[in-house]
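Here's the letter readout for the chains.
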Amino acid sequence: MKTVTPYNNIYEGSWAEDYTPSEETRRKYLYVQCMGFFRTSDSYNVLKRSNLSSYLVIYTVSGQGCIEFMGQRHYISQGQSVIIDCTQVHSYYTVPENDWDFHWLHFYGSGIEGYLSDIFDNWAPVEITDMDIFFDDILKNAHDSNPLSALLASTKIINLCSSYLMALKTGQDADSGNITPLVRDAANYLEEHLSEEISLDKMCDRLKVSKFYLSHIFKEQLGYSPYEYLITTRLSTAKAMLRSTDKSVSEIAELCGFNKCSHFIQLFKKREAITPLQYRKYFLESHP
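Small disclaimer: the values here were computed from a predicted structure and weren't measured.

Asks: Help me out: how do you make sense of the overall build of the chain in this one?
Replies: Each helix and strand in the chain was counted, giving 11 helices and 9 strands. By its C-alpha atoms, the chain is 60 × 50 × 30 Å across when sized along the principal axes. Out of the 288 residues belonging to the chain, those deemed buried represent 41%. Residue pairs in contact within the chain that sit at least 24 positions apart in sequence constitute 70% of those at least 6 positions apart. With an accessible surface of roughly 16400 Å², the chain has 54% of that area assigned to carbon and sulfur atoms.

Okay, here's the thing in structure tokens:
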């Protein structure tokens, strides 16, 4: 759900969106936690944040920002980007007498093991373009013993694994077809009734389908069970509210369909490794 953060130092056209991936995705892959685009004035600043299990990518579209991280200060201008470890103290802000337009993305997760696991689980020959170039690059870097060459080779292998897995998944999607109207209707129903007590039986009666059949094709096409899709949608909405409103944790829990605030807090901490209040505190400056 895209949100617009209504602060004086963030201009119109800015946006942010929060995500809550499935347990399987969190266990296997790198994943996006939230992302957005901010058009800011010279009063924009985020100072001395830390203690969030996340990595932050910032890419400057125009203007100039300043980053303080690991005892260093760097200015990033148009076309430049940085990655920050959000467990460590960091600050970033607009350079005086400048505007700063930038994309930002928080991500976290596991390494390449998840890619390989899924590749072998779905193994099949695939067509990938520019494989001649890939092998030439790997051969060139493998013969060099300096650390940069090793890093380039590793990066190219990760990119290849990503391309390979995407080709496998694309082939599977082509075989199984796009998301069916039934699954789209079910997902829309869950999103539209987010704050209500939802039962699978009730939803299936409305959609005139067997709950066993719906559960099977929902998981097959979206990668979530209906229940998991509902929970992740509720959590994503809750994170957006924590970040962009002053509603209390109990209000947010109720608006997002959690019967008990204590259950919401417990589930949030299990998924995000911090409490809702700690999450809000990290975003207290109302910026990414």
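Asks: Whenever I open this one, the nonpolar core confuses me. Can you help?
Replies: For soluble globular proteins, the rule of thumb is that nonpolar side chains tend to be buried together. I58, I67, Y92 and F264 are the most contacted members of the largest nonpolar core, which totals 36 residues. Listing elements by their share of this core, those giving two or more residues are β3 (30-40), β5 (55-69), β7 (81-85), β9 (100-109), α8 (226-244), α9 (249-255), α10 (261-272) and α11 (276-282). Among the elements that make up this core, the one with the highest residue count is α8 (5 residues). Not counting the four nearest positions on each side in its chain, I67 is found in contact with I58, Q72, R73, H74, I76, V82, I84, S91, Y92 and W100.

Asks: It is not clear to me how the confidence of the model for the chain should be interpreted in this structure. Could you clarify?
Replies: Segments scoring low in pLDDT should not have their predicted coordinates read at a detailed level. When pLDDT is averaged along the chain, the result is 87; 92% of the residues meet or exceed 70. Across the chain, the element-wise mean pLDDT spans from 63 in strand β1 (residues 2-3) up to 96 in α9.

Asks: Just checking my understanding: could you explain the packing of aromatic side chains for this structure?
Replies: Any two aromatic rings considered together are summarised by their centre-to-centre distance and by the angle between their planes. In this structure the tally under the stated criterion is 17 aromatic pairs. These aromatic residues form a ring-pair network of at least three members: F258, F264, F268, Y279, Y282 and F283. Across the ring face of F258, the terminal group of R234 is positioned such that the distance to the ring centre comes to 6.0 Å. Of note, R243 hangs over the ring of F283, and the distance from its end group to the ring centre comes to 5.8 Å.

About the criteria used
Chains are numbered independently. Their residues run from 1 in the order of the written sequence. The model is predicted, so local features are restricted to residues of pLDDT at least 70 and side-chain atom pairs to those at 80 or more, both for listing and for counting; the totals for chains, interfaces and linings are taken over all residues. Working from all heavy atoms in the structure, the side-chain values ignore hydrogens and water. Secondary structure elements are defined from DSSP: runs of H or I of at least 4 residues count as helices, runs of E of at least 2 residues count as strands, and each element is numbered from the N terminus. Throughout this description, buried means an accessible area under 20% of the type-specific maximum (1.4 Å probe, protein chains only), exposed means over 50%, and partly exposed covers the range between. It only takes one pair of heavy atoms within 4.5 Å for two residues to be counted as in contact. Per-residue and other accessible areas were derived by the Shrake-Rupley procedure at a 1.4 Å probe size, with only the shown protein chains allowed to occlude residues. To define a nonpolar core, start from buried Ala, Val, Leu, Ile, Met, Phe, Trp, Tyr and Cys residues and group those joined through side-chain atoms within 4.5 Å. Here pLDDT means the predictor's own confidence in every residue, given as a number from 0 to 100. Only Phe, Tyr and Trp rings take part, Trp by its six-membered ring, and two of them pair if their centres are within 6.5 Å. Stacked means planes under 30 degrees apart, edge-to-face means over 60, and tilted covers everything else. By the criterion adopted, a ring carries a charge over it if an Arg CZ or a Lys NZ lies within 6 Å of its centre and within 35 degrees of its normal.

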